[in-house]
Amino acid sequence: MSPSRRRKCIDHVRQHRSPQRKVPCGAPDEERLTEDIIELTCAHGRYGYRMITGLLNNSGWQVNHKLVYRLYVEEGLLMRRRNPKRRKSCAVRMERPTAQAANECWSMDCMADQLFQGRRFRILTLVDNFSRESLGIRVGQRLTGDDVVKVLEAVTAERRKPRTICVNNGPEFISKSLDWWAYFNGVKLDFSRPGKPTDNAFIESFNGKLRDECLNGELFLSLAEAKYIVERWRLDYNHHRPHSRLGWQSPAVFAATCVPSDSATPHPSEHTEENIGMSLTELGT
């Protein structure tokens, strides 16, 4: 095609075609969507755009993560996190079998934090590896093997005992109290290798969320306040927080749809809104 012919074609296109884009039918109201994104980000300061997308879709929006990401960046809400460089390769290890049903395998760990005056306290966390539910969190000035047994007794009073509990080699978990409890209840204690937190990845992931979304953003004036705030976060985690591995459902919603195995019983009435209020009221008294 000659240059003159090409110029005529371009002039024809400019005269008969609008350069403006058409707004697609059914497009969401971006102004209202942006307001909801900002509101959710203020309420959950450590949630990224994918978590915000899950919350939006659970609340009635039908949007994908790409649109949320664009609005998220335009409002300056993006958080950048520096990932540590792995300078050494990890040794190959045997993979543990994945849990196929609720109450098949639990994970347990201890972490530490401090009150505003510097007094330290300990936190025991317990999760179900399949449903990702937080089965219990105990906050105390110090934790012993007897405290671990008390938490397990309270949880197993409402649901069947697990087949396996993954723990590390902390003093709370190598105690005779926990060893005897596991022996008489037919529960296997699966100890991780020393210095290998990746062997207990489920509880390490949960502890990271607890510290990032709750502990790092709170100033605890007393141990009682720490118990109240941590338990409030646990209930919100179970019932409202979307989980990427569960199809952006909350652990409680996912657990309600699971078919229990032969070692599991129906989940207790802990999943009702009434019991959430009752639990927090009891902690506050």
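The following paragraphs examine the structure supplied in this document. (Residues numbered from 1 in each chain as written. Predicted model: local features only at pLDDT ≥ 70, side-chain atom pairs only at ≥ 80, totals over all residues. Heavy atoms only, no water.)

Observations regarding the sheet that holds strand E2 (residues 120-128)
Right, so step 1: Strand order in this open sheet of five strands is E3-E2-E1-E4-E5, and the pairing throughout is mixed. Both edges of this open sheet fall to strand E3 (134-140) and strand E5 (188-191), since each of them pairs with a single strand only. Between one strand and the next, the sheet's axes are offset by a mean angle of 20°, whatever the strand orientation.
Right, so step 2: The pairing of strand E4 (residues 164-167) with E5 spans four bridges and is parallel. Residue pairing across strands places Val167 opposite Phe191, the latter belonging to E5. (Pairing = 2+ DSSP bridges. Helix = DSSP H or I, 4+ residues; strand = E, 2+ residues; numbered from the N terminus. Axes fitted to C-alpha atoms, helices over the stretch in contact; angles between N-to-C directions.)

As for a nonpolar patch on the surface
Right, so step 1: There is a patch of nonpolar side chains on the surface, built from Tyr69, Val73 and Leu78 and spanning about 220 Å² of accessible area.
Right, so step 2: Along the chain, Leu78 falls in the loop between helix H4 (65-74) and strand E1 (105-114).
Right, so step 3: Classification of Leu78 as partly exposed rests on a relative accessible area of 30%. (Patch = residues over 30% accessible without salt bridge, like charges linked within 9 Å, V, L, I, M, F, W, Y side chains within 5 Å. Areas by Shrake-Rupley, 256 points an atom, 1.4 Å probe, with all protein chains shown as cover. Salt bridge = Lys/Arg side-chain N within 4 Å of Asp/Glu carboxyl O. Buried < 20%, exposed > 50% of the residue type's maximum accessible area, 1.4 Å probe, protein only.)

Some words on the environment of Trp181
Right, so step 1: Tracing the chain through its elements places Trp181 in helix H6 (residues 176-185).
Right, so step 2: With a relative accessible area of 6%, Trp181 lands in the buried category.
Right, so step 3: Once the C-alpha coordinates of Trp181 and Val148 are considered, the two residues, 33 residues apart in sequence, prove to be 10.0 Å apart.
Right, so step 4: Apart from the residues lying within four places of it in its own chain, the contact partners of Trp181 are Val149, Leu152, Glu153, Thr156, Ile165 and Val187. (Contact = heavy atoms within 4.5 Å.)

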